[in-house]
Amino acid sequence: MRATLLVSSLGMFGSGTAMAGPLAQAAANSLKAWWENEYLNTTPAAETPLWTVNLRTRAKPDECYDGTPSPFTASSNGISPDLSVLDADTGLPGGGFGFEDTCNSSKPKFNENYVWGEVRTGNDVWFGTMANTQCVITGGTKIIVPTSPAPVPPGRLNPLCEFDQSWNAANMGPGFQYIADWRVPHIRVWRNGTGELIEPAIPAGADMDRLEDTLGIRFAGKFGNRVILGGPTIAGSVGQAGINLFIFDSTNRQFLKSCNLPQYNDVRRGVTVPRNGTDNQFYFTVRTAPVNGSGGGKGAVVRWNPTASNLCQFSQVGNLDNMGGEILQFGNQLVVGTWINFSRGPGSQSFQLPVAAGLYVSPTLPTGGLSSFNQNGWKKAWTITTNWEPDYVAGLSETLGAMAVYQNWLYFGLMMQPNIVEIVAGQLHSTGLYNFDADNDGAYDQSDMLAVRRGASRPAALFRAQGLGLRTQKVEVLYGNRYLPVYNRQSRTYTAPPTGGDTAHSNKINAASKWGKAGFDCLGTFYIWSATVSANTLFFGTASSANAFQFTNSNPGDSAWADFNEANCQEGGDLMRFDNASSAAKAESRTGLGNPNNNFRNMQPGTSGPIVGTANASNVLFDPADPPGGWELIELTKP
């Protein structure tokens, strides 16, 4: 079973040493039974592919793993010289070699596993990478909360995480050794017209130094004949300061300039606003850095105002209460979906609780675009805790996912990282705001935490809206659960909805979904991660794993639910499509477009179908029969 994108640290805020209490265990069992019954009664859309899958290019092994498959065995730095050239069309080794032949007696290692930022301009697809993402995020938790347990590799070493035991630890700055699975990111261009994969040169010196201090290339956008890509600095990745941006000429694919913006510590998505058929304005979303070490960075929308003499000219045009995430144009306004923003408290190493995520709408776009005078004119039109989620912990843990405009509707999904509810609940418990000790024995133990995980975790819901921010605002739930588990103060744990539901467990729309349960009717779908409209069809890409939230410990053959899930919700991200606005989604793929380790991080409209950039956490090819790890760039074409 594929490992989840984030490793849970169940003991992060609890002792984890007490014996399991009977009340907590009973709650966990009751929640397991409820989730299984809830999804046994769904009808997941079966695969009905219309497009042809074309693997255009993919990551290649960039190191060899020399050790035995055990924790903390350092991989070698480098790869054997017998690595064959990759075929430009398939991205696979040519010349009769397979990936297993690239490292002699050791194992090929695919450090680059995310197409993290992606944008199309003309026939070119520009994208940036991120290496060993799950390992870096897990290690970063240890850096932000030093009292948390040392991170350990997940089961099956898939991905294989070495943390501070990696050969790269010696190259990391002081205090950053736990994210030594990090590698320098790459900016690449796939030329659709020729099939070439190139990497534009960045000059040595200050510009290359910036790339070598970038966590990954999370952001990509185009504005006229310029392309801009970037990501947080290594320090920015753990809530400190700085993002790095890299600007290129899209016509000749030449590097132009790099910029560092120390007032921000993350950057996510951008949107080009056209006028009269040409690019007129460009905006992107960021997280603001803490001021004077006081903690509590929020979010913002930034406008890029390049001139011939100053490409690094930016202005802040929107203030948000959380990190800015997805951004798009809807009518004559911009809409931003926010991400929860954990940060350190003043003088403390502990997390501050985030503000609930939601949707912001901008002021009406003036002819000349938004300026700094518009910073405080944005309106939060929809909030997860107010407008959807009945449980406080779940509501603080969910974030806004992919968005798209399709047939006069704004479609938007939710996301939840698999370990976030433990962090939120642990902070609430440690400060005394909530008590999750179901057995009242003074210990917040593993059974208590399992009940919290099963009670507050959520598959990803999908909505659509019209008239955001107006009195006539309308929001429909397309895929979601009518009733959900909630925390009960009397029992100090989570309760499942009763048969038939009740008011306490009802979603705040107070309505059943239009077409199905959250996760497109699959319990393990936790990210609605990417979206695009191509060939008059709306596509959504997801991330999923059957064991992401430990909703159930049932395996195929153990129960009717497990057998049903195995048959209908196979491993691999789902690529779902809406052929129109009046019928339910169909499954273009339920299995990662042929690679069950794939999830769908990015999508761009192609000439006849979407161009998909994947995330694939599998980084060591222990068995040549297994699907290879690393990112893939896939184009769908309609026959």
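## Overview of the overall build of the protein
- Helix and strand content of the protein: eight helices and 34 strands.
- Taken over 639 residues, the protein has a buried fraction of 59%.
- Within the protein, contacts between residues separated by at least 24 positions form 65% of all contacts whose residues are at least 6 apart in sequence.
- As presented, the protein carries roughly 22,500 Å² of accessible surface, and 50% of it is formed by carbon and sulfur atoms.

## Things to note about the sheet that holds strand E13 (residues 278-288)
- Judged by pairing direction, the sheet is antiparallel, and its four strands sit side by side in the order E12-E13-E14-E15 without closing on themselves. Both outer strands of the open sheet, strand E12 (264-275) and strand E15 (314-320), are each paired with one neighbouring strand and no more. Strand after strand, the sheet turns through a mean of 25 degrees between neighbouring axes, direction not considered.
- Where E13 meets strand E14 (residues 299-304), five bridges bridge the pair, whose relative direction is antiparallel. In the strand pairing of E14, Arg-287 is matched with Gly-299.

## Quick look at the sheet that holds strand E17 (residues 333-339)
- Strand order in the open sheet formed by four strands is E16-E17-E20-E21, with antiparallel pairing between adjacent strands. At either end of the open sheet lies a strand with only one pairing partner, and these are strand E16 (323-330) and strand E21 (379-383). Adjacent strand axes in the sheet meet at a mean angle of 25 degrees when their direction is disregarded.
- As paired elements, strand E20 (residues 358-361) and E21 share four bridges and run antiparallel to each other. What sits directly across from Tyr-360, in E21, is Lys-380.

## Observations regarding the pattern of salt bridges
- One pass over the structure, following the stated rule, counts 22 salt bridges.
- The residue Arg-58 makes a salt bridge to Glu-632 at a minimum N-O spacing of 3.5 Å. Note that Arg-58 is positioned in strand E1 (residues 52-58) and Glu-632 in strand E34 (residues 632-637), a separation of 574 residues in sequence. The residues Arg-58 and Glu-632 share a single accessibility class, namely buried.
- Between Lys-586 and Asp-579 there is a salt bridge whose closest N-O contact spans 3.4 Å.

## So, helix H7 (residues 446-456)
- Most of H7 sits inside the fold, with ten of its eleven residues counted as buried.
- Taken residue by residue, H7 has Ser-447, Asp-448, Met-449, Leu-450, Ala-451, Val-452, Arg-453, Arg-454, Gly-455 and Ala-456 as its buried positions.
- Structurally, H7 contributes buried residues whose contacts are with helix H1 (22-40), helix H5 (392-397), helix H6 (420-430) and strand E27 (493-495).
- Residue Asp-445 occupies the N-cap position of H7, its side-chain oxygen lying 3.1 Å from the main-chain nitrogen of Ser-447.

## Here we look at the state of the cysteines
- Under the definition given, this model contains three disulfides.
- The partner cysteine of Cys-135 in its disulfide is Cys-161, sulfur to sulfur 2.1 Å. With the S-S dihedral at roughly -80 degrees, the linkage between Cys-135 and Cys-161 falls on the left-handed side. Of the two residues, Cys-135 sits in helix H2 (residues 133-144) while Cys-161 sits in the loop between H2 and strand E6 (187-191), which places them 26 residues apart along the sequence. The residues Cys-135 and Cys-161 share a single accessibility class, namely buried.
- Through a disulfide, Cys-522 is tied to Cys-569; the S-S separation comes to 2.0 Å. The S-S bond linking Cys-522 to Cys-569 shows a torsion near -85 degrees; that makes this disulfide left-handed. One end of the pair, Cys-522, is in the loop between E27 and strand E28 (525-534); the other, Cys-569, is in the loop between helix H8 (560-568) and strand E30 (575-578), with 47 residues separating them in the sequence.

## Notes on the packing of H1 against H7
- Two elements in contact, H1 and H7, have axes separated by 8 Å at closest approach and are oriented at 25 degrees. On the basis of their axis angle, the class for H1 and H7 is roughly parallel. Read as a crossing pair, H1 and H7 show a hand that is left-handed. Contacts between H1 and H7 involve Ala-24, Gln-25, Ala-27, Ala-28, Asn-29, Leu-31, Lys-32 and Trp-35 from the former and Ser-447, Asp-448, Leu-450, Ala-451, Arg-454 and Gly-455 from the latter.
- Per-class residue counts for the contact of H1 with H7 are seven nonpolar, four polar and three charged.

## Structural notes on the packing of H1 against H8
- Where H1 meets H8, the axes come as close as 10 Å, and the angle between the chain directions of the two elements is 50 degrees. Relative to H8, the element H1 lies oblique. Classified by chirality, the crossing of H8 by H1 is left-handed. Where H1 approaches H8, its residues Glu-36, Tyr-39 and Leu-40 are matched on the opposing element by Ala-560, Trp-561 and Phe-564.
- Partitioning the contact of H1 with H8 into residue classes produces five nonpolar, no polar and one charged.

## Focus on the packing of aromatic side chains
- All chains considered together, the criterion is met by 35 aromatic pairs.
- Their ring planes at 40 degrees and their centres at 5.1 Å tell us that Phe-219 and Phe-284 sit as a pair that is tilted. Placement of Phe-219 in strand E8 (residues 219-223) and of Phe-284 in strand E13 is noted, with a sequence separation of 65 residues between them. The pair formed by Phe-219 and Phe-284 is uniform in burial state, with each residue classed as buried.
- Centroid distance Phe-526 to Tyr-527: 5.0 Å. Interplanar angle 65 degrees. Geometry classified as edge-to-face.

## Notes on the environment of Leu-410
- Residue position: Leu-410 is located in strand E23 (residues 409-415).
- You can call Leu-410 buried: its relative accessible area is 0%.
- In sequence terms Leu-410 and Gly-467 are 57 residues apart; their C-alpha atoms lie 9.3 Å from each other.
- Here Leu-410 is in contact with Leu-328, Phe-330, Val-335, Leu-359, Met-403, Ala-404, Val-405, Phe-463, Arg-464, Ala-465 and Leu-468, once residues within four sequence places are set aside.

## What about the side chain of Glu-422?
- Of note, Glu-422 is situated in helix H6.
- Here the side chain of Glu-422 touches Arg-453 through a polar contact of 2.5 Å, side chain to side chain.

## Some words on the side chain of Asn-322
- By secondary structure assignment, the location of Asn-322 is in the loop between E15 and E16.
- With relative accessibility at 1%, the residue Asn-322 sits in the buried group.
- Leaving out residues up to four positions away in the same chain, Asn-322 has contacts with Lys-298, Gly-299, Thr-338, Trp-339, Ile-340, Asn-341, Val-355, Ala-356 and Ala-357.

## Here we look at the pairing of E20
- Sheet analysis places E17 next to E20, joined by three bridges and oriented antiparallel. By the bridge assignment, Val-335 is partnered in E20 with Val-361.

## Quick word on the nonpolar core
- Core analysis: the largest hydrophobic core is formed by 81 residues, its most contacted members being Val-335, Leu-359, Val-393, Leu-410, Phe-412 and Phe-436.
- Broken down by element, the residue count for this core peaks at six residues, all from H6.
- The next biggest cluster of nonpolar side chains, apart from the first, holds 19 residues, and it includes Tyr-411, Ala-460, Ile-528 and Ala-531.

Rules used throughout
Residues numbered from 1 in each chain as written. Predicted model: local features only at pLDDT ≥ 70, side-chain atom pairs only at ≥ 80, totals over all residues. Heavy atoms only, no water. Helix = DSSP H or I, 4+ residues; strand = E, 2+ residues; numbered from the N terminus. Buried < 20%, exposed > 50% of the residue type's maximum accessible area, 1.4 Å probe, protein only. Contact = heavy atoms within 4.5 Å. Areas by Shrake-Rupley, 256 points an atom, 1.4 Å probe, with all protein chains shown as cover. Pairing = 2+ DSSP bridges. Axes fitted to C-alpha atoms, helices over the stretch in contact; angles between N-to-C directions. Salt bridge = Lys/Arg side-chain N within 4 Å of Asp/Glu carboxyl O. Polar contact = N/O pair within 3.5 Å; in protein donor to acceptor, adjacent residues only side chain to side chain. Disulfide = S-S within 2.5 Å. Parallel < 35°, antiparallel > 145°, perpendicular 65-115°, else oblique. Left-handed = near helix turned anticlockwise from the far one by under 90°. Nonpolar A, V, L, I, M, F, W, Y, C, P; charged D, E, K, R; others polar. Phe/Tyr/Trp six-rings, centres within 6.5 Å; stacked < 30°, edge-to-face > 60°. Core = buried A, V, L, I, M, F, W, Y, C linked by side-chain atoms within 4.5 Å.

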